[in-house]
Amino acid sequence: MDALEYFKIKNRMTKNCRIDCDECLLGSKYNGRNINCFPLESFYSDEAIKIVEKWEKEHPIMTNTEKYEQMMKNLLGDDFEIEICPTKSHDVPSCACEKMNNCNECVKFWNSEYIEKEKE
């Protein structure tokens, strides 16, 4: 895992360090070293990387398409099937394409990572 990938996954795991340190797997409560994440990353980087890699395996990225399908199946049952994009036959939900600048923008949205909005 390179540094860029590590920080990208760490930011997803920690919600850009907005979760409570007592809940963070890199925090002193869970990392097995009883130190906060900064010295863990500085002096025990291999251990920090293993923690982040393990978390990533347990929390794969869900795309907007997958989230949409999950929500619709919860509402309508397992018989629900995604309607494929009518203009390009992409395996993404049919959408109001006139709201997007072009099909590439639409496909990029549906295939991108689903990010849950924070509750206010």
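Summarised in this report is the structure supplied together with it. (Residues numbered from 1 in each chain as written. Predicted model: local features only at pLDDT ≥ 70, side-chain atom pairs only at ≥ 80, totals over all residues. Heavy atoms only, no water.)

Section: helix α4 (residues 64-76)
Phase 1: Between its terminal C-alpha atoms α4 stretches 18 Å, which fits the 18 Å expected from 13 residues at 1.5 Å a residue.
Phase 2: Asn-64, Thr-65, Lys-67 and Met-72 are the residues of α4 that are buried. Projection of α4 onto a plane perpendicular to its axis shows the buried side chains occupying an angular sector of 165 degrees, all on one side.
Phase 3: Positive phi appears at Gly-77, one or two residues downstream of α4, with a value of about 95 degrees. (Helix = DSSP H or I, 4+ residues; strand = E, 2+ residues; numbered from the N terminus. Expected span 1.5 Å × (residues − 1). Buried < 20%, exposed > 50% of the residue type's maximum accessible area, 1.4 Å probe, protein only. Arc of directions from axis to C-beta.)

Points about the layout of surface pockets
Phase 1: Reported here for the largest pocket is a volume of approximately 850 Å³.
Phase 2: Contributing to the lining of the largest pocket are 27 residues, with Arg-12, Lys-15, Glu-113, Ile-115 and Glu-116 lying nearest its centre.
Phase 3: Of all elements in the fold, only α1 (3-14) and α3 (45-58) reach the threshold of two or more residues within the lining of the largest pocket.
Phase 4: When residues of the lining of the largest pocket are assigned to their parent elements, the largest contribution, six residues, is made by α1.
Phase 5: In the lining of the largest pocket, the residues fall into 11 nonpolar, three polar and 13 charged. (1 Å grid on protein atoms, 1.4 Å probe; cavity = no way out; pocket = protein on both sides within 12 Å on 5 of 7 lines; lining within 4 Å. Points joined across faces, edges and corners; volume = space filled by probe spheres on them. Nonpolar A, V, L, I, M, F, W, Y, C, P; charged D, E, K, R; others polar.)

With respect to the packing of aromatic side chains
Phase 1: Going through the model one piece at a time under the given rule, you end up with three aromatic pairs.
Phase 2: On the numbers, 5.0 Å between centres and 85 degrees between planes, the contact of Tyr-6 with Phe-7 is edge-to-face.
Phase 3: Under the relative-accessibility criterion, Phe-7 is labelled partly exposed at 41%.
Phase 4: Centroid distance Phe-109 to Trp-110: 5.0 Å. Interplanar angle 75 degrees. Geometry classified as edge-to-face.
Phase 5: Taken together, the ring pairs connect Tyr-68, Phe-109 and Trp-110 into an aromatic cluster. (Phe/Tyr/Trp six-rings, centres within 6.5 Å; stacked < 30°, edge-to-face > 60°.)

Some points on helix α5 (residues 103-111)
Phase 1: Those residues of α5 lying buried are Cys-106, Val-107 and Trp-110. The arc that holds every buried residue of α5, seen down its axis, measures 95 degrees, which confines them to one face. In α5, those exposed residues whose orientation departs by more than 90 degrees from the buried face are Asn-104 and Lys-108.

Thoughts on the nonpolar core
Phase 1: Core analysis: the largest hydrophobic core is formed by 10 residues, namely Tyr-6, Ile-9, Met-13, Cys-24, Leu-26, Leu-40, Ala-48, Ile-51, Val-52 and Trp-55.
Phase 2: The set of elements that each furnish at least two residues to this core consists of α1 and α3.
Phase 3: Top contributing element to this core by residue count: α3, with four residues.
Phase 4: Setting aside residues up to four positions removed in sequence, Val-52 forms contacts with Met-1, Tyr-6, Ile-9, Lys-10, Met-13 and Leu-26. (Core = buried A, V, L, I, M, F, W, Y, C linked by side-chain atoms within 4.5 Å. Contact = heavy atoms within 4.5 Å.)

Quick word on the side chain of Lys-10
Phase 1: In this fold, Lys-10 is placed in helix α1.
Phase 2: By relative accessible area, which is 7% here, Lys-10 ends up buried.
Phase 3: A distance of 2.9 Å separates the side chain of Lys-10 from the side chain of Glu-41, its partner in a polar contact.
Phase 4: Once residues lying within four places of it in the same chain are set aside, the contact partners of Lys-10 are Cys-17, Leu-26, Glu-41 and Val-52. (Polar contact = N/O pair within 3.5 Å; in protein donor to acceptor, adjacent residues only side chain to side chain.)

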